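Reading the structure
Chain by chain, the residues:
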Amino acid sequence: LSSPLFGRFPSASCNLLARAPLEMAPVEEEVSTDVVPVDDQLQLAETYAGDAVAMSQPLDVQLPNLEEVGDLKVHHREFRENQGSFTVLHHQHLSKSMMSGTFESAASNGGITRYEGSFKGDPQDDGPIPNGVGVRTNPDGSTYSGEWKDGFPHGEGEWKAPDPSSESYMGEWKRGKRHGYGQMKLANGDLYEGDFADGKFQDRGKYIYLNGDEFIGLWDKGMKVSGTFYFKDGRISTRKYQGGKLISCQDFDARKKSYRPTITHTQVHDPERTQYGTQALFSGSGMVSPSGVKKD
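What comes next concerns the included structure. Because the structure is a prediction, the values reported are computed rather than measured.

Let us look at the overall build of the chain. When helices and strands are tallied, the chain shows four helices and 21 strands. The 296 residues of the chain split such that 27% are buried. Look at the contacts in the chain between residues 6 or more apart in sequence, and 12% of them connect residues 24 or more apart. For the chain, the accessible surface area stands at approximately 20900 Å², while carbon and sulfur atoms represent 54% of it.

So this is what it looks like as structure tokens:
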């Protein structure tokens with residue numbers, strides 16, 4: 001024998017292959033002499049065949065002869081003076097095992113608040129505390145659907161105002177307030193997309209006005225701090241604010257490809273510059289209205 005890598009094999013290797021197998025001592029096996037009755041054999045075969053058929057069925061087909069689970073129980077409570085009702089499905093052997101149900105309560109204005117979802121607590125003694133995922137419909141028709149924790153919207157969720165309003169919010173919540181990232185549509189048609197804290201605009205965000213103008217910048221407790229306006233007509237204006245008031249403004253001249261001189265808060269509100277018919281027109285920079293909008 002030969003190999004292209006190692007050359008010719010020694011003749012001893014051929015002798016190894018030709019040797020007789022090693023002799024092994026015979027192993028005695030215990031063979032049962034018990035005879036299984038024919039009826040038991042048939043019953044065993046039917047059991048195996050039944051299991052094979054059950055396992056081969058589609059997953060959406062319910063298997064027959066399933067054991068009924070009696071641990072789940074529907075618990076219903078009526079509150080005093082017709083203030084509402086509470087119905088929940090829970091594990092009757094576990095006191096803190098609320099699973100899902102509905103809760104209705106009467107509001108002071110005569111409306112009904114309805115919640116449908118999951119709860120926490122003891123259905124016998126504790127009040128209905130939304131926890132997990134659920135939908136609440138308020139007396140005014142507004143709705144919240146999403147995650148809950150300890151009775152508050154907490155996590156991801158969506159709030160919608162009642163018709164015909166299109167006001168809504170979709171995003172993160174913390175103990176019932178908008179907190180984190182979200183998208184909000186205001187009643188006047190304006191849009192905000194960005195960060196929230198304690199229910200207000202915070203840090204980075206983009207505000208889109210109904211007319212198409214956009215402001216992208218920083219916010220603090222719901223008020224602008226600094227950022228840039230991108231007007232629908234093509235103008236660009238960089239602005240700074242303090243306490244919600246405009247303190248400086250610098251516009252970009254798209255025709256000359258350069259920024260115009262910065263206008264301060266004092267200049268913006270200077271009576272000589274804002275009164276009608278004035279001759280001091282900002283040295284060619286255009287008139288700025290009290291709201292901070294510059295007009296050529």
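We are not done yet, so read on.
In this structure, the amide linkage connecting D163 to the following residue, P164, adopts the cis form with an omega of 5°. Mapped onto the elements, P164 comes out in the loop between β9 (152-160) and β10 (168-174).

Where strand β12 (residues 191-197) and strand β13 (residues 200-208) come together, six bridges link them in antiparallel fashion. Of the residues in β13, the one forming a bridge with F196 is F201. Judged from the six bridges that link them, β13 and strand β14 (residues 214-220) form a sheet pairing that is antiparallel. The partner of K206 across the bridge, within β14, is I216. Where β13 folds back onto β14 in an antiparallel hairpin, the turn is made up of five residues, including G212, whose phi is positive at roughly 105°.

A word on the pairing of strand β16 (residues 236-242). With burial as the criterion, only one face of β16 is covered, namely that bearing S237, R239 and Y241; the residues I236, T238, K240 and Q242 on the opposite face remain uncovered. In the sheet, strand β15 (residues 223-230) pairs with β16 via five bridges, with the strands oriented antiparallel. Bridging from a neighbouring strand, T228 pairs with T238 of β16. Hairpin connection, β15 to β16: the antiparallel pair is bridged by five residues, and G234 has positive phi, about 105°. Bridge analysis of β16 against strand β17 (residues 245-253) gives seven bridges, and the strand direction is antiparallel. Bridge pairing in β17 places Q242 opposite K245. The antiparallel pairing of β16 with β17 creates a hairpin that spans two residues between the two strands, and G243 there sits at a positive phi of about 60°.

The subject of this paragraph is the packing of aromatic side chains. Summed over the entire model, instances satisfying the criterion amount to 19 aromatic pairs. Both rings, one in Y144 and one in W148, keep their centres 5.2 Å apart while their planes meet at 85°; by these two values the pair is edge-to-face. Residue class for Y144 comes out buried when judged on its relative accessible area of 2%. For W148, a relative accessible area of 5% corresponds to the buried category. Over the ring of F231 we find R235, and its NZ or CZ is 4.1 Å from the ring centre.

Scanning the model with the defined rule gives six salt bridges in all. In this structure, the salt-bridge partner of K160 is E158, at a minimum N-O distance of 3.8 Å. The partly exposed category is assigned to K160, whose relative accessible area is 42%. Two residues, D233 and R235, come together in a salt bridge whose shortest N-O distance is 2.9 Å. For D233, a relative accessible area of 56% puts it in the exposed group.

Rules behind the numbers
Residues numbered from 1 in each chain as written. Predicted model: local features only at pLDDT ≥ 70, side-chain atom pairs only at ≥ 80, totals over all residues. Heavy atoms only, no water. Helix = DSSP H or I, 4+ residues; strand = E, 2+ residues; numbered from the N terminus. Buried < 20%, exposed > 50% of the residue type's maximum accessible area, 1.4 Å probe, protein only. Contact = heavy atoms within 4.5 Å. Areas by Shrake-Rupley, 256 points an atom, 1.4 Å probe, with all protein chains shown as cover. Pairing = 2+ DSSP bridges. Phe/Tyr/Trp six-rings, centres within 6.5 Å; stacked < 30°, edge-to-face > 60°. Lys NZ or Arg CZ within 6 Å of the ring centre and 35° of its normal. Salt bridge = Lys/Arg side-chain N within 4 Å of Asp/Glu carboxyl O.

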